Amino acid sequence: MSTVSHRLHLPGSSPVHRTPAEVKIVCAVITVFAVVATPREMFWPFAVYAAGLIVIWRIARIPPRWIAPRLLIELPFVVLALLLPFAAGEPRTTLLGLLLSTTGLYAAWGIIAKGTIGVGISLTVAATTSVRDLPGGLSRLHVPGMIVTIVVLMLRYVDVIADEAARMRLARVSRGDDPRTIRQIGATARGVGSLFLRSYERGERVHLAMLSRGFTGTIVDFGTPTATRGQWLVACVPALAAVGVCVAAWAVR
């Protein structure tokens, strides 16, 4: 696993990249909780969160063109949020000539703002933390070994499954099939079932190969150095600032 490079990882040598994985995980969790706890009726706290996230991206040298397409993962939730102003009840307000639910507007704003910032935080951690460093970070946070193994193997082999699905789709297209038409929904369903079976069989072979190489059920820590007190203090500044913004938002609400 020493040569693993996940698609979400953006190699670099910035201070954020050099921060130990356990520190980034803890700070990300604290920040996400602060963002979620912020009252949705407030607008300025989310602007502060977004500005802080952009600053961290600049420090970590994560270009916007790398972040932007990966934010599209939240698109289904955005579509759902845009429907809330039309579906929620009273009171109503007029916006852009439309009579919309005030509660629905706030709910939509909360989902989009909190979801976007949360995804941005997750992408930041993923971009600056390699799969190689993840087992050690999770282990030092006393996460159960089985969960560490599941998470690391999932990150390692999700790309393998995606490549397998791409090859199966290419094979269908090369035989004159068009997976985009509704008439091919049956073939698509059979393809999904075939992909599941192939994934299961590949997992069995991978597990057997790992056992033959001495795998004992625990992912090996590659000796990543433990975080120092200084690293904890510096890295927790953004997280503590997010908590402060959340508290201030509730205070002036």
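Shown above is the structure to which this text applies.
Remember, it's a predicted structure, so these values are computed and weren't measured experimentally.

*Asks:* What should I look at first to understand helix 8 (residues 145-174) in this one?
*Replies:* For an α-helix the count is 3.6 residues per turn, leaving residues at separations of three or four pointing the same way. Its 30 residues give helix 8 an end-to-end C-alpha distance of 44 Å, which sits within 8% of 44 Å, the value for a rise of 1.5 Å per residue. Considering bend angle alone, the principal kink of helix 8 is centred on Tyr 157 and spans about 35°. Here helix 8 has its buried residues at Val 148, Thr 149, Val 152, Asp 159, Val 160, Glu 164 and Met 168. Gly 176 sits one or two positions beyond helix 8 and adopts a positive phi of about 90°.

*Asks:* Help me understand the nonpolar core in this model?
*Replies:* General note: in soluble globular proteins, nonpolar side chains tend to be found buried as a group. Counting residues in hydrophobic clusters, the biggest one holds 23 residues, and the most contacted among them are Phe 46, Tyr 49, Ile 62, Ile 67 and Ile 117. For this core, the secondary-structure elements that each account for two or more residues are helix 2 (21-37), helix 3 (44-60), helix 4 (64-70), helix 6 (102-128) and helix 10 (229-251). In terms of residue count, helix 6 provides more of this core than any other element does, seven residues in total. Non-local contacts of Ile 62, meaning those with residues more than four positions away in its chain, are made with Leu 10, Trp 57, Ile 67, Thr 124, Ala 127 and Thr 128.

*Asks:* Before we go on, may I ask you to explain a nonpolar patch on the surface in this structure?
*Replies:* Together, Ile 30, Val 243 and Val 247 make up an exposed nonpolar region whose accessible area comes to about 210 Å². For Val 247, the position within the fold is in helix 10. Residue Val 247 is classed as exposed on the basis of its relative accessible area of 52%.

*Asks:* Even after reading the chapter, I still don't get the pattern of salt bridges, so can you show me in this structure?
*Replies:* A complete count under the given rule lists two salt bridges for this structure. The shortest N-O distance in the salt bridge between Glu 22 and Arg 140 comes to 3.0 Å. Pair noted here: Glu 22 is in helix 2 and Arg 140 is in helix 7 (residues 134-140), with a separation of 118 residues, a long-range link. Residue Glu 22 is classed as buried on the basis of its relative accessible area of 3%. As a salt-bridge pair, Arg 40 and Glu 41 come within 3.8 Å of each other at their nearest N and O atoms. Overall, Arg 40 belongs to the partly exposed group, its relative accessible area being 29%.

*Asks:* Help me out: how do you make sense of helix 5 (residues 75-87) in this one?
*Replies:* Taking 1.5 Å per residue as the helical rise, helix 5 with its 13 residues ought to reach 18 Å, and the 19 Å between its terminal C-alpha atoms agrees with that figure. What helix 5 keeps buried is the set Val 78, Ala 81 and Pro 85. For helix 5, the buried positions fall inside an angular range of 60° around the axis, keeping them on one side. Facing away from the buried side of helix 5, by more than 90 degrees, are the exposed residues Pro 76, Leu 83, Phe 86 and Ala 87.

*Asks:* I'm lost on the packing of helix 2 against helix 10 in this one. Help?
*Replies:* Any two packed helices are characterised by how steeply their axes cross, that is the angle between the axes, and by the distance between the axes. For the pair helix 2 and helix 10, the least separation of the axes is 9 Å and the interaxial angle reads 5°. Comparing the axis directions of helix 2 and helix 10 gives the class roughly parallel. Facing Glu 22, Val 23, Val 26, Cys 27, Ile 30, Thr 31, Ala 34 and Ala 37 of helix 2, the residues of helix 10 in contact are Gln 231, Trp 232, Ala 235, Cys 236, Ala 239, Ala 242, Val 243, Cys 246 and Trp 250. Its residues assigned to classes, the contact of helix 2 with helix 10 shows 14 nonpolar, two polar and one charged.

*Asks:* Sorry if this is basic, but what is going on with the packing of aromatic side chains here?
*Replies:* Taken as a whole and judged by the stated rule, the model has three aromatic pairs. Note on Phe 43 and Trp 109: the rings are 5.2 Å apart at their centroids and 45° apart in plane angle, and the pair reads as tilted. Remark: Trp 109 occurs in helix 6 and Phe 43 occurs in the loop between helix 2 and helix 3; sequence separation between them is 66 residues. Arranged with centres 5.7 Å apart and planes meeting at 90°, the rings of Phe 46 and Trp 109 form a pair that is edge-to-face. Taken together, the residues span a long stretch of sequence, with Phe 46 in helix 3 and Trp 109 in helix 6 at a distance of 63 residues. Given a relative accessible area of 30%, Trp 109 falls into the partly exposed group. Through a chain of ring-to-ring contacts, three or more aromatic side chains come together here, namely Phe 43, Phe 46, Tyr 49 and Trp 109.

*Asks:* Any chance you could explain the state of the cysteines here in plain terms?
*Replies:* Applying the stated criterion across every chain yields a total of zero disulfides. In this structure Cys 236 is not part of a disulfide, and its nearest cysteine sulfur, from Cys 27, lies 3.6 Å away. Judged by relative accessible area, which is 15%, Cys 236 ranks as buried.

Here is what the cut-offs are and how they apply
Residues numbered from 1 in each chain as written. Predicted model: local features only at pLDDT ≥ 70, side-chain atom pairs only at ≥ 80, totals over all residues. Heavy atoms only, no water. Helix = DSSP H or I, 4+ residues; strand = E, 2+ residues; numbered from the N terminus. Expected span 1.5 Å × (residues − 1). Bend = angle between axes of the 7 residues up to and from the residue. Buried < 20%, exposed > 50% of the residue type's maximum accessible area, 1.4 Å probe, protein only. Core = buried A, V, L, I, M, F, W, Y, C linked by side-chain atoms within 4.5 Å. Contact = heavy atoms within 4.5 Å. Patch = residues over 30% accessible without salt bridge, like charges linked within 9 Å, V, L, I, M, F, W, Y side chains within 5 Å. Areas by Shrake-Rupley, 256 points an atom, 1.4 Å probe, with all protein chains shown as cover. Salt bridge = Lys/Arg side-chain N within 4 Å of Asp/Glu carboxyl O. Arc of directions from axis to C-beta. Axes fitted to C-alpha atoms, helices over the stretch in contact; angles between N-to-C directions. Parallel < 35°, antiparallel > 145°, perpendicular 65-115°, else oblique. Nonpolar A, V, L, I, M, F, W, Y, C, P; charged D, E, K, R; others polar. Phe/Tyr/Trp six-rings, centres within 6.5 Å; stacked < 30°, edge-to-face > 60°. Disulfide = S-S within 2.5 Å.

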